[in-house]
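A look at the structure
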Amino acid sequence: MRPLLIRGARQVLTLRGPAPRRGAQLNELEIIQDGSVLVVGDRIHSVGSSRRMENLKEARSAEVIDASGRVVLPGFVDSHTHLVFPAARLDDFERRIDGAGYQEIAQQGGGIYSTVRALRQMSPRRLEMIALRWLRLFASCGTTTVEGKSGYGLNPAAELKILRVMKKINGWPIQVIPTFLGAHVPAPEFEGAPEEYVDRLVEELLPVVRRRRLAEFCDVFCDVGAFTLDQTRRILLAARALGLSLKVHAEQWTRRGATRLAVELGAVSVDHLEKLEGEDLRILAESNTIATLLPGSVFHLGSDQYAPARRLIQQGAAVALATDFNPGTSPTLNMQMILALACTQMKMTPAEAISAATINGAAALRRAPEIGSLEPGKYADLAILEVGDYREIAYYFGMNLVRMTLRRGQVVWPAAAEETER
Ligand code: NIG
Ligand code: FE
């Protein structure tokens, strides 16, 4: 394979430096004006000013991609998605427009349980086709790695079905990192007996998931209608003992203390945090646990209570941003929209938002040594955007400004003709 030279970008956002970025470091994008990126094989060979790069030996034989006037940045790392689901929940959507609440809809047979019913009935092949279509759209929006959670199966067969689908589609065209979320909500079969469901999870399902290496992370939804703090602790301890890394859906609807628990157990990230308050902020900010904020779900549910991003950053937290792509609360896979929300609603700066969506997303997946910044030796995962100043990425909203996405040195978007026909 010939080397590849991405040449003449108005700005190359390298994101070189500390990972994760915390507090004031989030503003440091390490920009090269009029920069180029040289890719050899699937890795970044070097990054620098176009003048210097053109003189490199490898650059002389390279195939050239013209990035003049544009911004080049690391591919977005979307560290929180519920990637595999059967369908949109349009009735819930209309009911909410009509004034019903998320919890109310769930009690009336909508919500997560309706997605679970549909998923259990769907063939793996069909789920795979749907998820593959999403992966191509992720790539078109500049995302090169996604985390994907199970959690719409809630019985062994259906949970394993989701995890196997993710394993199968990994790399088509982008990377998928699997998380076991069997503890999304208690399975419907265990209504009134959630402890028994937790027993099953801990004693049966988690060990199987681990043994078959179907997940890297274990996540628990700790909230009303989901799991209590004690149940969350039990599940996370069991997962940790098996060697899985931990994530928690924390303080989304109610403040339950899941953040403190996550920090205490050394979780890689705590996600949501709309109801995070007081001491918890400081405890999180001073820990190594990443605060993953998901403004898409707040927006889609029509709430105005976003997570306290500014206070977290002021106290020195490592903040990441993700889509939470799912059919109930956040039907978007476009990280550019998430950046717009982060800036307009949570008052993050465009630079902070970009750090949170790249290098800190990578750290939230324990992948910072290989992705999330444009540094020699890392995978050549990057996006070329149709803008000349990185701030435009968060300024324009509801648009797709991505001109080209590369993963591991290969152009994955725009897709080759035979790909789009599939
Ligand atoms: O992250 N918080 C729980 N889970 C999802 C919503 C899932 C659904 O409604 O289908 C979330 O917001
Ligand atoms: Fe979620």
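Whatever comes next refers back to the structure up there.
Here is a short report on the structure shown in this document. These numbers come from a predicted model, not from an experiment.

Looking now at the overall build of the chain. Along the chain, the regular secondary structure elements total 18 helices and 16 strands. In summary, the chain has a C-alpha radius of gyration of 21 Å against a globular reference of 22 Å for 422 residues, a match within 12%. Along the longest, intermediate and shortest principal axes, the C-alpha atoms of the chain span 70 × 50 × 45 Å. Residues classed as buried in the chain amount to 60% of the 422 residues present. In the chain, the share of contacts with a sequence separation of at least 24, taken over all contacts with a separation of at least 6, comes to 72%.

So, about the sheet that holds strand 6 (residues 76-78). Taken together, eight strands build an open sheet; the order of strands is 6-7-8-9-10-11-12-13 and the sheet is parallel. With one partner strand each, in any of the chains shown, strand 6 and strand 13 (319-321) form the two edges of the open sheet. Each strand of the sheet is rotated relative to its neighbour by a mean of 25 degrees, with strand direction disregarded. Sitting on the sheet, helix 8 (residues 194-211) touches strand 8 (175-183) and strand 9 (217-221), and the angle it makes with strand 8 is about 150 degrees.

The next subject is the site of ligand 1. For ligand 1, the set of nearby residues contains 15 residues, the closest of which are R89, Y102, Y152, Q252 and T329. D324 places a side-chain nitrogen or oxygen 2.9 Å from an oxygen atom of ligand 1. Protein contact buries 100% of the 330 Å² of open area that ligand 1 shows by itself. Looking at the shell around ligand 1, its residues break down into four nonpolar, nine polar and two charged.

Turning our attention to the packing of aromatic side chains. Within this structure, the stated rule accounts for eight aromatic pairs. With 5.6 Å between their ring centres and 90 degrees between their planes, F138 and F325 make a pair best called edge-to-face. Within this pair, whereas F138 is found in helix 6 (residues 124-140), its partner F325 is found in the loop between strand 13 and helix 14 (335-346), the two being separated by 187 residues in sequence. Seen in terms of ring centroids, Y197 and F227 are 6.2 Å apart; in terms of plane orientation they differ by 25 degrees. Their pairing is stacked. Placement of Y197 in helix 8 and of F227 in the loop between strand 9 and helix 9 (229-241) is noted, with a sequence separation of 30 residues between them. Following the ring pairs from residue to residue traces out a cluster consisting of F85, W134, F138 and F325. Seen from the ring of W134, R133 lies directly overhead, with NZ or CZ sitting 4.8 Å from the centre.

Relative to the assigned elements, T289 resides in the loop between helix 11 (278-285) and strand 12 (290-293). From its side chain, T289 meets the backbone oxygen of A267 in a polar contact 2.8 Å long. Ignoring sequence-local partners within four residues, the contact set of T289 consists of A262, V263, G266, A267, V268, S269, V270 and L284.

Let us look at the environment of P188. The topology assignment puts P188 in the loop between strand 8 and helix 8. Other than its neighbours up to four places away in sequence, P188 contacts Y113, R120 and L154.

Soluble globular proteins: nonpolar side chains tend toward being buried together. Ranked by internal contacts, the top residues of the largest apolar core, which has 121 residues, are I235, L273, L312, L321 and I393. Sequence-distant contacts of L273, defined by excluding residues within four places in its chain, comprise A250, E251, T259, L284, A291, T292, L293, A307, P308 and L312. Counting 17 residues, the second-largest nonpolar core is a separate cluster that includes A9, V47, L374 and L382.

Now for the coordination of the iron ion (ligand 2). Protein coordination at the iron ion (ligand 2): the donors are H80 (NE2), H82 (NE2), H249 (NE2) and D324 (OD), at 2.1 to 2.3 Å from the metal. All donors of the iron ion (ligand 2) come from a single chain, and their spacing in sequence reads H-x1-H-x166-H-x74-D. One end of the pair, H80, is in the loop between strand 6 and helix 3 (90-97); the other, H249, is in strand 10 (residues 245-250), and 169 residues separate them in sequence. Neither H80 nor H249 differs from the other in exposure class; each is buried.

Conventions used here
Residues numbered from 1 in each chain as written. Chains lettered and ligands numbered in written order. Predicted model: local features only at pLDDT ≥ 70, side-chain atom pairs only at ≥ 80, totals over all residues. Heavy atoms only, no water. Helix = DSSP H or I, 4+ residues; strand = E, 2+ residues; numbered from the N terminus. Rg over C-alpha atoms; globule rule 2.2 N^0.38 Å. Buried < 20%, exposed > 50% of the residue type's maximum accessible area, 1.4 Å probe, protein only. Contact = heavy atoms within 4.5 Å. Pairing = 2+ DSSP bridges. Axes fitted to C-alpha atoms, helices over the stretch in contact; angles between N-to-C directions. Near = heavy atom within 4 Å. Polar contact = N/O pair within 3.5 Å; in protein donor to acceptor, adjacent residues only side chain to side chain. Areas by Shrake-Rupley, 256 points an atom, 1.4 Å probe, with all protein chains shown as cover. Nonpolar A, V, L, I, M, F, W, Y, C, P; charged D, E, K, R; others polar. Phe/Tyr/Trp six-rings, centres within 6.5 Å; stacked < 30°, edge-to-face > 60°. Lys NZ or Arg CZ within 6 Å of the ring centre and 35° of its normal. Core = buried A, V, L, I, M, F, W, Y, C linked by side-chain atoms within 4.5 Å. Donors = N, O, S within 2.8 Å, 3.2 Å for Na, K, Ca; no water.

Honestly, that's just the spatial picture; any functional story needs more than this.
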